[in-house]
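# Chains, contacts and geometry: an overview
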Amino acid sequence: MKDFRIEQETKGNIQIVRLTGSLDMYSFPRLETQLNTHLQQGHYAILLDCKDLDYIGSAGLGALIGFAKQAREKGGDVKLLNVPERIYKIIELLGFTKVLQVHTDESAALASFTAH
Amino acid sequence: MSQPAHDAGHAADRKLSIHTPGHGSYLTYIRNFVGDLARQVGFPEEDIAKIEMSVDEACSNVVKHAYAPKKKWLWQHRHPEIRLDLQVQANQIIIEIHDHGQQFDFAAYRPDAIPERLKDMKTNGYGISIMREFMDEVTYSSSDATGNTLRLVKYLKKT
């Protein structure tokens, strides 16, 4: 069981947020604070690296939709990268992958922000 | 590691209970406990993920809504607590989640289907729909004497 951790990296005008541990209703407010800060600072291109994520619940998924919606209104997006297979199967079954972009390659994910 | 046949049999017809404070910091512990048990019973990994998520959604609702401050709890004088009674039978796992917070009109709660909510980019209200999608039975009961109980059942499908 890994403690929930958030690490931050900037590449160009894209914010990469690397997540470790479980993203549930208890841990989510920490990510929410981070994402709110990015949007308030005008950073609308956000890539969440989920490689070391153990779990994500509906509170987190729902809120990510809200952040993606806000970012898209400003020409950006919130996208997911390296989602573990176990989590991907669940979010795909529920349909969340239809509204949240998921990437498997960091370079391609970064390029997708400027491809529009 | 695969389970020898006699160990798998040992996991059947088992009853376990856990009590935790009704606080979000225990959700990881609850998910792992339930997931480990489902794994011992022989559920495939995809079903274990579904069971874990359903239990997490149920317990998150208890913490966030049933035990919300200023709500009228069933047993107002007691600290918030979650009790899980787990029963393993030959072909199913039964998970009862008990709390004594505010009652909920579960039968009347029929949110839009998940695809509709996603189409509208709704940010919340997915939890109960997820439980109904992922579990084979989802029922709720409440009484002043016994508190609130959400009962989740998942069948173990033979392959």
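Definitions and cut-offs
Residues numbered from 1 in each chain as written. Chains lettered and ligands numbered in written order. Predicted model: local features only at pLDDT ≥ 70, side-chain atom pairs only at ≥ 80, totals over all residues. Heavy atoms only, no water. Helix = DSSP H or I, 4+ residues; strand = E, 2+ residues; numbered from the N terminus. Buried < 20%, exposed > 50% of the residue type's maximum accessible area, 1.4 Å probe, protein only. Contact = heavy atoms within 4.5 Å. Areas by Shrake-Rupley, 256 points an atom, 1.4 Å probe, with all protein chains shown as cover. Lys, Arg positive; Asp, Glu negative; His and termini not counted. Charge placed at Lys NZ, Arg CZ, Asp CG, Glu CD. Phe/Tyr/Trp six-rings, centres within 6.5 Å; stacked < 30°, edge-to-face > 60°. Buried area = accessible area lost by both parts, 1.4 Å probe. Salt bridge = Lys/Arg side-chain N within 4 Å of Asp/Glu carboxyl O. Nonpolar A, V, L, I, M, F, W, Y, C, P; charged D, E, K, R; others polar. Pairing = 2+ DSSP bridges. Axes fitted to C-alpha atoms, helices over the stretch in contact; angles between N-to-C directions.

## Remarks on the overall build of chain B
- Looking only at helices and strands, chain B has 5 helices and 5 strands in total.
- Its C-alpha atoms put chain B at 50 × 40 × 25 Å along the principal axes.
- Across the 159 residues that make up chain B, the buried fraction comes to 46%.
- Here the analysis covers contacts within chain B between residues at least 6 apart in sequence; of these, 62% occur between residues at least 24 apart.
- For chain B, the exposed area adds up to about 8,300 Å²; of that, 52% sits on carbon and sulfur atoms.
- Computing the positive centroid from 20 side-chain charges and the negative centroid from 21, chain B places the two 4 Å apart.

## Some words on the packing of aromatic side chains
Residue and element names in this part refer to chain B.
- In this structure the tally under the stated criterion is 6 aromatic pairs over all chains.
- For the pair Phe 104 and Phe 106, a centre-to-centre distance of 6.2 Å together with 75° between the ring planes defines the contact as edge-to-face.
- Looking at Phe 104, the relative accessible area reads 37%, which means it is partly exposed.
- The class of Phe 106 is buried, set by a relative accessible area of 8%.
- Members of the aromatic cluster, each reached through a chain of ring pairs, are Phe 104, Phe 106, Tyr 109 and Tyr 140.

## A short note on the interface of chain A and chain B
- Counting from both sides, the interface comprises 24 residues of chain A and, opposite them, 31 residues of chain B.
- Of the roughly 2,300 Å² buried between chain A and chain B, counting both surfaces, carbon and sulfur atoms make up 70%.
- Where chain A packs against chain B, one counts 3 salt bridges.
- The salt bridge partner of Glu 45 of chain B is Arg 86 of chain A, with a shortest N-O separation of 3.1 Å.
- Of all the secondary-structure elements, those providing two or more residues to the side of chain A that touches chain B are β3 (45–56), α2 (58–73) and α3 (85–94) of chain A.
- For the side of chain A that touches chain B, the element with the highest residue contribution is α2 of chain A, accounting for 8 residues.
- Partitioning the side of chain A that touches chain B into residue classes produces 13 nonpolar, 6 polar and 5 charged.

## Remarks on the sheet that holds strand β4 (residues 77–81) of chain A
Residues and elements named next belong to chain A.
- In spatial order, the strands read β1-β2-β3-β4-β5; together these 5 strands make up an open sheet with mixed pairing. The sheet is open, and its two borders are formed by β1 (5–11) and β5 (102–103), each paired with just one other strand.
- Sheet topology places β1 next to strand β2 (residues 14–23); 7 bridges connect them, and they run antiparallel. Within β2, the residue paired with Arg 5 across the bridge is Thr 20.
- Together, β3 and β4 form the strand contacts of α2, whose direction differs from that of β4 by roughly 135°.
- The sheet contacts of α3 involve β3, β4 and β5, and relative to β3 the element is tilted by about 110°.

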